[in-house]
There are 2 protein chains.
Amino acid sequence: MAPLISFSRRVRETPYEARVMAQGARAFTVYNQMTLATFFRSPEEDYWHLREHVQLWDVACERQVEVRGPDALRLVELSTPRDLSACRIGQCVYAPLCDETGGIVNDPVVLRLAEDRFWISIADSGVLLWLKGLAIGRGLDVEVFEPDVNICALQGPGAERVLQPLVETDLRTLRFFRFFETRIAGAPVVIARSGWSGQGGFELYLQDSSRGLALWDAIWESGEAHQIRAGCPNLIERIETGLLSYGNDMTLANNIFECGLDRFVKLGKEAEHLSRRALDRIAREGVAAKLAKIDIEGGPAPALRATWPVFAAGRQAGYVTSAAWSPRFESVVAFAMVDIEHTQVGTRLSVLAEGESGARPARVVAGWER
Amino acid sequence: MAPLISFSRRVRETPYEARVMAQGARAFTVYNQMTLATFFRSPEEDYWHLREHVQLWDVACERQVEVRGPDALRLVELSTPRDLSACRIGQCVYAPLCDETGGIVNDPVVLRLAEDRFWISIADSGVLLWLKGLAIGRGLDVEVFEPDVNICALQGPGAERVLQPLVETDLRTLRFFRFFETRIAGAPVVIARSGWSGQGGFELYLQDSSRGLALWDAIWESGEAHQIRAGCPNLIERIETGLLSYGNDMTLANNIFECGLDRFVKLGKEAEHLSRRALDRIAREGVAAKLAKIDIEGGPAPALRATWPVFAAGRQAGYVTSAAWSPRFESVVAFAMVDIEHTQVGTRLSVLAEGESGARPARVVAGWER
């Protein structure tokens with residue numbers, strides 16, 4: 001029998017959870033000590049629906065860390081090799097956080113709410129304590145706390161049609177990774193054009209958890225004419241789209257260059273940041289391995305529990321970090337950390353999936369979405 | 001249908017997981033980004049077996065944060081209001097970590113391995129990043145990292161009989177919260193007389209994850225004559241024993257006095273620590289609410305998802321943080337955060353459990369175990 005999930009107060013309830021349950025979420029994971037559904041009907045059925053229609057996701061587990069005060073920008077800059085000096089109010093920036101070795105602490109989206117006020121919209125690691133620790137240790141004049149903010153996301157090609165009737169702003173004027181503030185059904189929300197899929201849509205940062213169900217219901221009602229369903233980040237879709245998952249595809253043990261996130265590193269960044277010395281050195285010396293997109297032949301594979309070994313020229317050359325059967329490409333789409341000499345597009349590899357007796361042919365690809 | 005748990009690399013596999021699965025764990029939670037079983041047969045059946053025999057628990061999710069170097073003691077002292085100056089090598093100390101407001105960051109057991117080397121054996125929060133942040137911010141001369149250490153625990157009245165044949169040390173000489181180093185089946189382990197139950201036993205800190213199954217199997221073999229079973233921390237037993245769970249019974253929003261952990265605060269502690277000013281003030285002013293043990297009448301209650309309201313004299317006076325039906329006391333044993341004026345032993349309260357239409361009578365108790 002497949003194991004069940006146990007809930008408790010420690011695995012925090014989200015403001016939308018009653019609706020997620022009512023819509024029949026079949027499986028959950030825990031993310032930032034909060035629930036996150038992983039599929040409703042099946043990963044494949046959810047995938048097709050997300051690509052063709054529109055879904056409402058409870059992603060409250062993308063917790064916010066608010067940084068506010070005179071030293072707010074200084075603290076945020078200190079935590080990332082990305083240059084935030086040009087980040088304007090109303091703008092989102094993907095800014096991986098690195099420690100003093102260049103290891104990835106988290107890969108959040110940073111929202112600038114005011115000159116001296118940011119939300120760090122985090123992946124699954126203890127950024128609240130990390131930034132608090134740095135700020136206290138340094139004696140910075142800044143508050144670091146978790147505000148009452150819970151995201152729901154509207155994702156899929158129908159997202160704009162569902163959201164437009166609920167807001168006054170003309171959504172066609174809202175660019176990618178920009179946000180504005182408004183109210184929906186009395187609920188104060190920050191709405192960004194963003195989200196963890198390649199199908200387009202919005203993230204709604206609800207600022208009053210007591211209004212979670214009212215917000216959910218208002219969106220749902222607007223979506224009924226557009227075949228809205230409850231959904232969640234979809235493993236197949238996010239791999240095809242090339243979205244990395246912190247904890248799966250990268251950890252504190254990986255530096256930002258290994259993860260192919262070079263374009264978010266400003267080597268000559270003016271503001272002080274923790275990882276400067278380490279990243280300067282790694283940029284000079286190069287990396288031994290790199291995250292690659294790989295396409296694995298054969299039919300549906302078992303779910304990846306931890307990692308699968310990757311082979312090149314008869315020797316282990318890395319490991320798969322995420323994998324899913326793609327019903328569209330009819331192969332297993334995957335990320336793998338692979339020795340640098342085997343990461344060129346077209347390189348032939350093989351992969352031993354858990355529970356299988358023989359390795360499957362695989363190759364490095366540029367991507368699946370074009 | 002009860003929801004399933006989804007695994008992925010992000011929810012880290014433990015070195016013992018294959019055996020936990022083979023033994024039929026029915027449900028899991030996620031703790032420190034790692035799996036933790038919550039029951040095998042049923043919470044009640046597991047409970048009776050734990051009290052009467054012996055269980056082997058995979059508690060690798062109690063991650064270790066190693067603090068090592070010239071400033072190691074200084075950093076650990078900085079993080080807790082407990083006085084560690086008398087902590088000797090070979091000793092474990094329960095030392096709640098507090099932030100600058102007195103809020104509880106975590107409630108770990110600290111092991112002193114050498115003058116300048118500690119393991120912080122943590123509950124479910126990002127202590128690694130917290131201590132790294134503090135150390136980097138302060139410029140302390142210390143390394144902070146997660147070592148390759150994975151705990152399995154042997155708990156229950158039969159624990160000593162199972163472990164003794166596997167070690168040379170006479171276990172009768174090992175006092176509570178003391179540890180020694182040895183090898184079992186080639187696996188290097190630190191063994192402490194400790195564990196998250198009131199039934200006695202040991203925690204084995206495995207220092208080489210590749211030997212997890214060898215260690216498990218050696219203990220299992222020794223346990224077969226003693227009716228050993230795979231188990232896990234048991235909700236009923238831990239409440240009856242009075243063991244608090246971080247994230248359930250206390251969070252960063254609670255200060256250490258509210259949680260009744262006064263005896264772990266040394267107000268005049270000599271070493272510098274973050275929470276001194278806040279805790280001095282709270283000690284002077286007192287707290288408005290306090291965690292209480294309460295006994296709730298009536299039959300088995302639904303599982304507690306988040307909190308249940310507690311009433312006194314017709315008004316809400318707090319909330320339940322953990323609750324379980326006790327088959328031994330035939331009542332619901334619980335912790336609740338209750339307004340201070342209603343926390344005296346014997347005080348009559350009432351509790352509205354989720355999904356129930358009427359409140360149940362309850363009262364504050366000194367405890368259940370004597």
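What counts and what doesn't
- Residues numbered from 1 in each chain as written.
- Chains lettered and ligands numbered in written order.
- Predicted model: local features only at pLDDT ≥ 70, side-chain atom pairs only at ≥ 80, totals over all residues.
- Heavy atoms only, no water.
- Helix = DSSP H or I, 4+ residues; strand = E, 2+ residues; numbered from the N terminus.
- Disulfide = S-S within 2.5 Å.
- Buried < 20%, exposed > 50% of the residue type's maximum accessible area, 1.4 Å probe, protein only.
- Pairing = 2+ DSSP bridges.
- Axes fitted to C-alpha atoms, helices over the stretch in contact; angles between N-to-C directions.
- Lys, Arg positive; Asp, Glu negative; His and termini not counted.
- Salt bridge = Lys/Arg side-chain N within 4 Å of Asp/Glu carboxyl O.
- Contact = heavy atoms within 4.5 Å.
- Least-squares fit on C-alpha atoms with pLDDT ≥ 70 in both.
- 1 Å grid on protein atoms, 1.4 Å probe; cavity = no way out; pocket = protein on both sides within 12 Å on 5 of 7 lines; lining within 4 Å.
- Points joined across faces, edges and corners; volume = space filled by probe spheres on them.
- Nonpolar A, V, L, I, M, F, W, Y, C, P; charged D, E, K, R; others polar.
- Buried area = accessible area lost by both parts, 1.4 Å probe.
- pLDDT = per-residue confidence, 0-100.
- Phe/Tyr/Trp six-rings, centres within 6.5 Å; stacked < 30°, edge-to-face > 60°.
- Domains from an automatic or database assignment.
- Polar contact = N/O pair within 3.5 Å; in protein donor to acceptor, adjacent residues only side chain to side chain.

### Side note on the environment of A:Val162
- By the secondary structure assignment, A:Val162 is in helix 5 (residues 159-163).
- Each C-alpha atom, one on A:Val162 and one on A:Val54, is 8.2 Å from the other, the two residues being 108 residues apart in sequence.

### Concerning the state of the cysteines
Residues and elements named next belong to chain B.
- Taken as a whole and assessed by the stated rule, the structure comprises zero disulfides over all chains.
- As a non-bridged cysteine, Cys-152 has Cys-61 as the owner of its nearest cysteine sulfur, 12 Å distant.
- You can call Cys-152 buried: its relative accessible area is 0%.
- Note on Cys-232: no disulfide assigned, nearest cysteine sulfur contributed by Cys-61 at a separation of 10 Å.
- Residue classification places Cys-232 among the buried positions, given a relative accessible area of 5%.

### Description of the sheet that holds strand 6 (residues 92-94) of chain B
All names here are of chain B.
- Here five strands make up an open sheet; going across it, the order is 6-9-10-5-11 and the pairing antiparallel. The open sheet terminates on both sides in strands that have one partner only, identified here as strand 6 and strand 11 (143-145). On average, adjacent strands in this sheet sit at an angle of 20° to one another, irrespective of strand direction.
- Where strand 6 meets strand 9 (residues 109-114), three bridges bridge the pair, whose relative direction is antiparallel. When the bridges of strand 9 are listed, Tyr-94 appears paired with Val-109.

### Topic: the side chain of A:Arg178
Residue and element names in this part refer to chain A.
- Relative to the helices and strands, Arg-178 is located in the loop between helix 5 and strand 13 (179-184).
- Among buried charged residues, Arg-178 stands out as having no salt bridge; its nearest opposite-charge side chain is Glu-115, 12 Å away.
- Setting aside its immediate chain neighbours within four residues, Arg-178 contacts Arg-88, Gly-90, Gln-91, Cys-92, Ile-191, Ala-192 and Arg-193.

### Describing the relation of the copies chain A and chain B
- Superposing chain A onto chain B takes a rotation of 180° combined with a translation of 0.0 Å along the rotation axis, leaving an RMSD of 0.0 Å. Taken together, the rotation angle and the small translation identify this as a two-fold axis.
- Most of the interface of chain A is mirrored in chain B: 100% of its interface residues are interface residues there too.

### A look at empty space enclosed by the protein
- Per the stated rule, a full pass over the model turns up two cavities of 30 Å³ or more.
- If you add up the space inside the largest cavity, you get close to 60 Å³.
- Lining the largest cavity we find A:Val30, A:Tyr31, A:Asn32, A:Gln33, A:Asp124, B:Val30, B:Asn32, B:Gln33 and B:Asp124.
- Residue composition of the lining of the largest cavity, by class: three nonpolar, four polar and two charged.
- Forming the walls of the second largest cavity are A:Glu17, A:Val20, A:Phe28, A:Thr35, A:Leu36, A:Ala37 and A:Asp58.
- Residue assignment for the lining of the second largest cavity shows that the elements contributing at least two residues are helix 1 (17-22) and strand 3 (34-39) of chain A.

### Considerations on unusual backbone geometry
Residue and element names in this part refer to chain A.
- One non-glycine residue, Ala-185, adopts positive backbone phi at about 50°.
- At Glu-330, a position not held by glycine, the phi torsion is positive, near 50°.
- Within the secondary structure, Glu-330 is located in the loop between strand 19 (315-326) and strand 20 (331-339).

### Observations concerning the interface of chain A and chain B
- Chain A puts 52 residues into the contact, and the matching count from chain B is 52 residues.
- A buried area of about 4,800 Å², summed over both sides, lies between chain A and chain B, and 55% of it is on carbon and sulfur atoms.
- Counting every contact that joins chain A to chain B gives eight salt bridges.
- Residue A:Arg305 pairs with B:Glu17 through a salt bridge whose shortest N-O separation is 2.7 Å.

### Re the sheet that holds strand 12 (residues 150-155) of chain A
Residue and element names in this part refer to chain A.
- Taking strand neighbours across the sheet as the criterion, the six strands line up as 13-14-15-12-4-16 in an open arrangement whose pairing is mixed. Each edge of the open sheet carries a strand with a single partner, namely strand 13 and strand 16 (229-231). Each neighbouring strand pair of the sheet contributes to a mean axis angle of 30°, computed without reference to strand direction.
- Pairing between strand 4 (residues 55-58) and strand 16: three bridges, direction parallel. In the sheet register, Trp-57 faces strand 16, and the bridge partner there is Gly-231.

### Quick word on the pairing of strand 2 (residues 27-31) of chain B
- For strand 2 of chain B, the tally of buried residues reaches five of five residues, placing the bulk of the element in the interior.
- Strand direction decides the pairing type here: strand 1 (residues 4-5) of chain A and strand 2 of chain B, joined by two bridges, are parallel. Across the sheet, A:Ile5 pairs through a bridge with B:Phe28, a residue of strand 2 of chain B.
- Inspection of the sheet shows strand 2 of chain B paired to strand 3 (residues 34-39) of chain B by five bridges, in the antiparallel sense. Along strand 3 of chain B, the bridge assignment pairs B:Val30 with B:Thr35.
- Counting the residues between successive antiparallel strands, the hairpin from strand 2 of chain B to strand 3 of chain B contains two residues, one of them, B:Asn32, with a positive phi of roughly 50°.

### Comments concerning the environment of B:Ala359
Residues and elements named next belong to chain B.
- Note on placement: Ala-359 falls in the loop between strand 21 (348-351) and strand 22 (360-365).
- Among the residues examined, Ala-359 registers a relative accessible area of 44% and is labelled partly exposed.
- Once the C-alpha coordinates of Ala-359 and Leu-349 are considered, the two residues, ten residues apart in sequence, prove to be 9.6 Å apart.
- The residues contacting Ala-359, other than those within four sequence positions of it, are Ser-350, Val-351 and Leu-352.

### Concerning the confidence of the model for chain A
- For chain A, the mean per-residue pLDDT works out to 97, and 100% of the residues sit at or above 70.
- Reported for the predicted complex are a pTM of 0.97 and an ipTM of 0.97.

### Some thoughts on the packing of aromatic side chains
- Tallied over the entire structure, the rule returns 14 aromatic pairs over all chains.
- Ring geometry for A:Phe176 versus A:Phe177: centroids 4.5 Å apart, planes at 15°, classification stacked.
- On the numbers, 6.0 Å between centres and 35° between planes, the contact of B:Tyr16 with B:Trp216 is tilted. Of the two residues, B:Tyr16 sits in the loop between strand 1 (4-5) and helix 1 (17-22) while B:Trp216 sits in helix 6 (residues 212-223), which places them 200 residues apart along the sequence. Assigned by exposure class, B:Tyr16 and B:Trp216 land together as buried.
- Within the aromatic cluster, the residues linked to one another by ring pairs are A:Tyr16, A:Trp216 and A:Trp220.

### Overview of the domain arrangement of chain A
All names here are of chain A.
- What the domain assignment reports for chain A is domain 1 (17-63 + 149-239) and domain 2 (288-370).
- Taken together, the contacts link eight residues of domain 1 with twelve residues of domain 2.
- Together domain 1 and domain 2 conceal approximately 870 Å² of surface at their shared face, both sides included; 64% is due to carbon and sulfur atoms.
- Here domain 1 and domain 2 share zero salt bridges between them.
- If you look at where domain 1 meets domain 2, you find two residue pairs in polar contact (both at pLDDT 80 or more).
- Only helix 2 (43-52) and helix 7 (235-241) provide two or more residues apiece to the side of domain 1 that touches domain 2.
- Of the residues assigned to the side of domain 1 that touches domain 2, the class counts are five nonpolar, no polar and three charged.

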